[in-house]
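Now for the letters of each chain:
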Amino acid sequence: MTPSRASMSDVARLAGVSGQTVSRVANGSLNVSPGTRQRVLEAMDSVGYTPNTAARALRSGSFETIGVIAHRLARTGESSIVEAVVQAARGFGHTVTLLDIDSTEHEDVAEAASRLSHQAIDGLIIIRAEIEDAGRLALPAGLPVVVADATFGGRLPMVGADHAGGARAAVTHLLDLGHRTVHHVAGPADSIPARARLQAWREVLEERGITPPAPIQGDWTAESGRAAGAELATRDDATAVFCANDEMAAGLMLACTEAGRSVPGDLSVVGFDDIPLAGYLCPPLTTVRQPFEELGRRLVDELRARISGVTPVAGAGSTDEPAALVPCELVLRSSTAPPHR
């Protein structure tokens with residue numbers, strides 16, 4: 001049997017199942033037992049059968065595939081949101097086609113969107129393009145798109161984490177413990193979440209009548225946090241620090257230990273993200289938990305509503321698209337305490 005002539009009935013006959021079962025496996029349906037699914041997949045490989053996604057889309061009106069564009073997928077936030085999107089899509093029997101782009105230039109994002117639109121997708125989720133001029137981004141006409149990026153400013157529907165709210169909670173917690181000021185280890189200057197957390201840190205201090213100390217520039221890595229910690233360990237006025245992510249907080253706490261300063265005895269530390277390792281540091285890290293699972297679910301829900309026509313796809317130049325911010329949660333652990341001096 002040659003691949004060009006293999007049919008669904010050939011697969012069904014070889015696997016000993018009905019054509020409907022083969023169709024369910026081909027469509028990614030969860031309503032098939034693992035053993036049967038494996039038998040059908042092996043039969044597909046044996047006869048060289050490839051599901052005709054175009055024909056299926058003509059029958060059902062859907063490719064049952066979502067496109068996702070991410071920038072710097074190695075970063076914690078991006079990878080966690082992508083994982084959540086994949087899980088949410090799987091729950092609806094959808095697959096995900098992912099492109100990880102290196103550049104946030106609007107031409108590169110537009111080119112990635114165009115490539116995905118030609119790969120049989122029903123809609124597109126842009127995790128975080130971090131485009132400075134979102135108005136210049138040209139997307140395929142009629143393609144439902146949802147973003148997790150505040151820079152689009154109403155031009156596209158957005159679901160994102162409340163980075164500012166989470167940062168405010170972190171800084172307020174440290175001040176309420178009695179610290180006179182809070183230092184900040186910031187994320188990269190080109191990161192929109194990092195800038196939102198930086199701005200919120202500064203605003204809380206100013207609202208309390210405190211002149212913000214100069215932030216220390218980090219790059220999301222534990223090594224940059226370690227360098228910041230080595231600097232803060234030499235300062236007598238540093239009793240509390242808010243790090244823009246957990247990796248930098250972990251590096252900072254290591255530097256404190258190396259310098260003979262204790263956390264939280266000499267320096268209280270708060271991170272951001274609540275990565276799985278945060279609760280197992282020494283001491284366990286107080287941090288701001290990003291709602292990754294809910295973000296993925298709501299991004300997929302919003303996109304499915306636009307694909308199905310429940311919510312109309314935005315027209316070109318629209319500036320009144322909805323934005324939904326999902327709250328972040330301050331998780332209290334042992335790395336923060338009142339100042340001892």
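That block above? That's the structure.
Caption draft 1: Representation of the overall build of the protein chain. Scanning the protein chain from terminus to terminus reveals eleven helices and twelve strands. In the protein chain, which comprises 341 residues, the share counted as buried stands at 49%. In the protein chain, the share of contacts with a sequence separation of at least 24, taken over all contacts with a separation of at least 6, comes to 71%. Total accessible area on the protein chain stands at roughly 15,600 Å², and carbon and sulfur atoms take up 51% of it.

Caption draft 2: How the structure looks around the state of the cysteines. Across all of its chains, the model carries zero disulfides by this definition. Here Cys 243 is not cross-linked by a disulfide; its sulfur's nearest cysteine counterpart is in Cys 256, at 8.9 Å. Here Cys 243 falls in the buried class, since its relative accessible area comes to 0%.

Caption draft 3: Quick look at helix α3 (residues 34–47). The first and last C-alpha atoms of α3 sit 20 Å apart over 14 residues, in line with the 20 Å expected at 1.5 Å per residue. Those residues of α3 that sit buried are Thr 36, Val 40, Ala 43, Met 44 and Val 47. The arc enclosing the buried residues of α3, seen along the axis, measures out at 105°, which places them on a common side. Turned more than 90 degrees from where α3 packs its buried face, Pro 34, Asp 45 and Ser 46 sit exposed. Backbone geometry just downstream of α3 places Gly 48 in the positive-phi region, at approximately 75°.

Caption draft 4: Fine view of the nonpolar core. Core analysis: the biggest nonpolar cluster contains 40 residues, and Val 85, Ile 125, Ile 127, Val 171, Val 182, Phe 242 and Leu 299 have the highest contact counts within it. With residues up to four places along the chain from it excluded, the contact list for Val 171 reads Val 182, Trp 201, Val 204, Leu 205 and Phe 242. Counting 22 residues, the second largest nonpolar core, distinct from the first, contains Val 185, Trp 220, Leu 232 and Ala 244.

Caption draft 5: Structural view of the pattern of salt bridges. This structure, assessed with the given rule, holds 13 salt bridges. Note that Arg 208 is salt-bridged to Asp 176, the shortest N-O span being 2.8 Å. Of this pair, Arg 208 sits in the loop between α8 (192–207) and β7 (216–217) while Asp 176 sits in helix α7 (residues 163–176); the two residues are 32 residues apart in sequence, bridging distant segments of the chain. Here Asp 176 falls in the exposed class, since its relative accessible area comes to 54%. Of the charged contacts in the structure, one is a salt bridge between Arg 297 and Asp 301, with a shortest N-O distance of 3.3 Å. Linking Arg 297 with Asp 301, this pair stays in helix α11 (residues 292–308), spanning four residues, or about one helical turn.

Procedures and definitions
Residues numbered from 1 in each chain as written. Predicted model: local features only at pLDDT ≥ 70, side-chain atom pairs only at ≥ 80, totals over all residues. Heavy atoms only, no water. Helix = DSSP H or I, 4+ residues; strand = E, 2+ residues; numbered from the N terminus. Buried < 20%, exposed > 50% of the residue type's maximum accessible area, 1.4 Å probe, protein only. Contact = heavy atoms within 4.5 Å. Areas by Shrake-Rupley, 256 points an atom, 1.4 Å probe, with all protein chains shown as cover. Disulfide = S-S within 2.5 Å. Expected span 1.5 Å × (residues − 1). Arc of directions from axis to C-beta. Core = buried A, V, L, I, M, F, W, Y, C linked by side-chain atoms within 4.5 Å. Salt bridge = Lys/Arg side-chain N within 4 Å of Asp/Glu carboxyl O.

Fair warning: the whole summary comes from geometry, so function is off the table for now.
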